[in-house]
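# Structure at a glance
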Amino acid sequence: MVSVKSLALAIGVASAIQLPDAIAPDSSNIIKANISQFATHVKENPIVMVEFFTPWCTHSKMLQPRLSEAATIVKGVKIPILQVDCTQYGVLCDQQMIDFYPTLKVYKNHRLVGAENYKGSQAGNEIANYLLNLKNNPVTNVTSAQEVEKMKSETDMPIVHNRGNLEIDEILKSVALDMSEKFAFIRDTVASENGTLEMYFPGTNRTAVYDGPQPPTEESISIWMHMENLPFFADIEAADFKNYMATKLPIAYFYYSTPQELNDFTGLFNELGEKYRGKLNFVGMNPHKFQEHLKLLNLKQRFPLFVIHNVNNNLKYTLDQFTDESDKVMKKLESEDIKKLVEDFVEGKAQPIIKSEPIPKTQDSVLYKLVAKTHNDFVYNNDKDVFVKYYAPWCQHSKAFRPVLEEIAELFGSNPETKEKIVFAEVDSTANDIIDFPVAGYPTLVLYRAGSKPGSQPIIFEGKRSLENVLDFIKSHSTSNLDGQALLEKQKQDEAKAIEDAQAAEAVNAQAQAANADQKAFNNEIKDEL
């Protein structure tokens, strides 16, 4: 990241030394990309390096010739190196969460998001070597047990070993390309009829054997690796959370208020973590470090607290916190109760807690406010189409879209015919658990067609959230093919006519006032003569 001190120093140096342009010259093998070209190159190539820069940035200027050197070296093996000018394509840079210049990202396996920052040397040959190794050596061949043992002793990362299942070679190469920063990959060169996929852990004698879906897929191998690389139980930090989310498994949270509470339950959770490995993960969480996360659970903040969170549908399961409904006497958290809840959850017997805001006493907006307690009754068996926005209050995209949806709701609601055929609603998904339709991103826009039955899935809007696109979506998918564009055009014509009529009325009024003034003047003249 460019600090103030280093920037000042760089500017001083630049005043004495003529730096090259940050923008690659036409002779360079760097590709200057717009948003569309960026997407095309990532989709067409398994490895793409992208520099996000600004023309005025001194560090971007210093990097350009080195990056050009790297682009020349890797040109022959089809690893594109792109430049994206963030002063021109700020939307893309914001989407990729660029917060300093230059930022180098490496996109793998055709994915447009989630790329990791390149943190290696910025020498041209070192950048090229990194990319070439990524392409040519994601999986190392081994021919003997001695080679495997040697690699174990020299590597400080978990090692994934394909023991002769040559049918998954290409799948493992793709996984290795994605995860080479955190795992080492090796393969036997000789096929084995019972070839297994195993993982070794540095500094231990532990070996994990893949026991997931057959035949293995990139996703199943990746999930297995993330899962096995986690401890049975750990007191985690915020930075660790993404590793647990990558397993796509439910997470059992143990919130503790003192180190002694954590120590008292660590043995139990290690036992449960080992017993239910592959079914759910167990973590300890300091509530002072996870205050925002704790608020989302909508539980009384009394500790210790145990909660199971199914991250795939956002449902939560917990034990009674108090001895009665007064919420005054806290119930002691017992090991046997924890074991029973975990067992019931795994067997599908546990009942989730449903978080809901209070039912609104009045509806004061063109967007009907839904809560968990009213959601299903409103969207199902309705004689109108129901367009719903699932949002998060902190989401900037949700905030930006609200006035657009309000305008659309007013457009249909102001027409006597269409207001009887469609209604617009919104629900805060962070404050309400919607079991029938859990959402993963915000805002999520959907249409429940009139008469939709419980359990049926709504039609999901996909695309740029503009007024025109949403109106086209409603016309295509609403029960009566409601034409919002026609309504909008008529509204504009009516507004124009109203303005024209107002102007005409104003002109007539002005003429009348002028005539009155003339008549008054004439009357005064007659009066004076008399």
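As the structure is a computational prediction, the values presented were derived from the model and not from experiment. Sequence order sets the numbering: in each chain, residues are counted from 1 along the sequence as written. Local features are withheld for residues below a pLDDT of 70 in this predicted model, meaning they are given only at 70 or higher, and side-chain atom pairs are given and counted only at 80 or more; totals for whole chains, interfaces and linings count all residues. In computing side-chain values, all of the structure's heavy atoms are included and hydrogens and water are not.

By the element assignment, Glu-261 lies in helix 10 (residues 259-275). Burial classes: relative accessible area under 20% of the type maximum marks a residue as buried, over 50% as exposed, and values in between as partly exposed (1.4 Å probe, protein chains only). Residues scored as positive are Lys and Arg, those scored as negative are Asp and Glu, and His as well as the terminal groups of each chain are ignored. What makes a salt bridge here is a side-chain nitrogen of Lys or Arg within 4 Å of a carboxyl oxygen of Asp or Glu, nothing more. Buried Glu-261, no salt bridge; nearest opposite-charge side chain is Lys-332, N-O distance 11 Å. Once residues within four sequence positions are removed from consideration, Glu-261 is found in contact with Phe-254, Tyr-256, Phe-303 and Pro-304. Only DSSP runs of H or I with at least four residues qualify as helices, and only runs of E with at least two residues qualify as strands; both kinds are numbered from the N terminus onward. Whether two residues touch is decided by their heavy atoms; if any such pair falls within 4.5 Å, the residues are in contact.

Looking now at the sheet that holds strand 20 (residues 459-460). Ordered in space as 16-18-17-19-20, the five strands form an open sheet in which the pairing is mixed. Both outer strands of the open sheet, strand 16 (368-369) and strand 20, are each paired with one neighbouring strand and no more. Only strands that DSSP links by at least two bridges are regarded as paired with each other. With five bridges joining them, strand 17 (residues 385-391) and strand 19 (residues 444-448) adopt antiparallel strand pairing. In the strand pairing of strand 19, Tyr-390 is matched with Thr-444.

Moving on, we come to the pairing of strand 12 (residues 251-255). Taken across its five residues, strand 12 has five buried, putting it largely inside the fold. Side-chain alternation along strand 12 places Ile-251, Tyr-253 and Tyr-255 on one buried face and Ala-252 and Phe-254 on a second face that is also buried. Bridge count between strand 12 and strand 13 (residues 281-285): five bridges; the pairing is parallel. Considered in strand 13, the bridge of Ala-252 is made with Phe-282. Following the chain from strand 12 across helix 10 to the adjacent parallel strand 13, one finds a crossover that is right-handed. When the strands point away from the viewer and the path from the first strand over the helix to the second turns clockwise, the crossover is right-handed.

Throughout, the protein atoms alone are placed on a 1 Å grid, and a set of points is a cavity if a 1.4 Å probe fits but cannot get out or a pocket if it is open with protein on both sides within 12 Å along at least five of seven lines; lining residues have an atom within 4 Å of a point. Grid points are joined across faces, edges and corners, and a volume is the space filled by probe spheres set on the points. For the largest pocket, the calculated volume is near 1,500 Å³. The set of elements that each furnish at least two residues to the lining of the largest pocket consists of strand 4 (103-108), strand 5 (116-117), helix 7 (169-179), helix 8 (218-228) and helix 9 (241-245). Note on residue classes: Ala, Val, Leu, Ile, Met, Phe, Trp, Tyr, Cys and Pro are nonpolar, Asp, Glu, Lys and Arg are charged, and everything else, Gly too, is polar. A breakdown of the residues in the lining of the largest pocket according to their chemical character gives 14 nonpolar, 10 polar and 13 charged. Taken as a whole, the second largest pocket spans an internal volume of roughly 840 Å³. Along the walls of the second largest pocket sit 30 residues, with Leu-296, His-309, Asn-314, Thr-430 and Tyr-442 positioned nearest its centre. When residues of the lining of the second largest pocket are traced back to their parent elements, those giving at least two are helix 9, helix 11 (291-297) and strand 15 (315-318). Of all the elements, helix 11 adds the most residues to the lining of the second largest pocket, at five residues. Taken together, the residues of the lining of the second largest pocket sort by class into 16 nonpolar, nine polar and five charged.

Bear in mind that shape data such as this cannot, by itself, settle questions of function.
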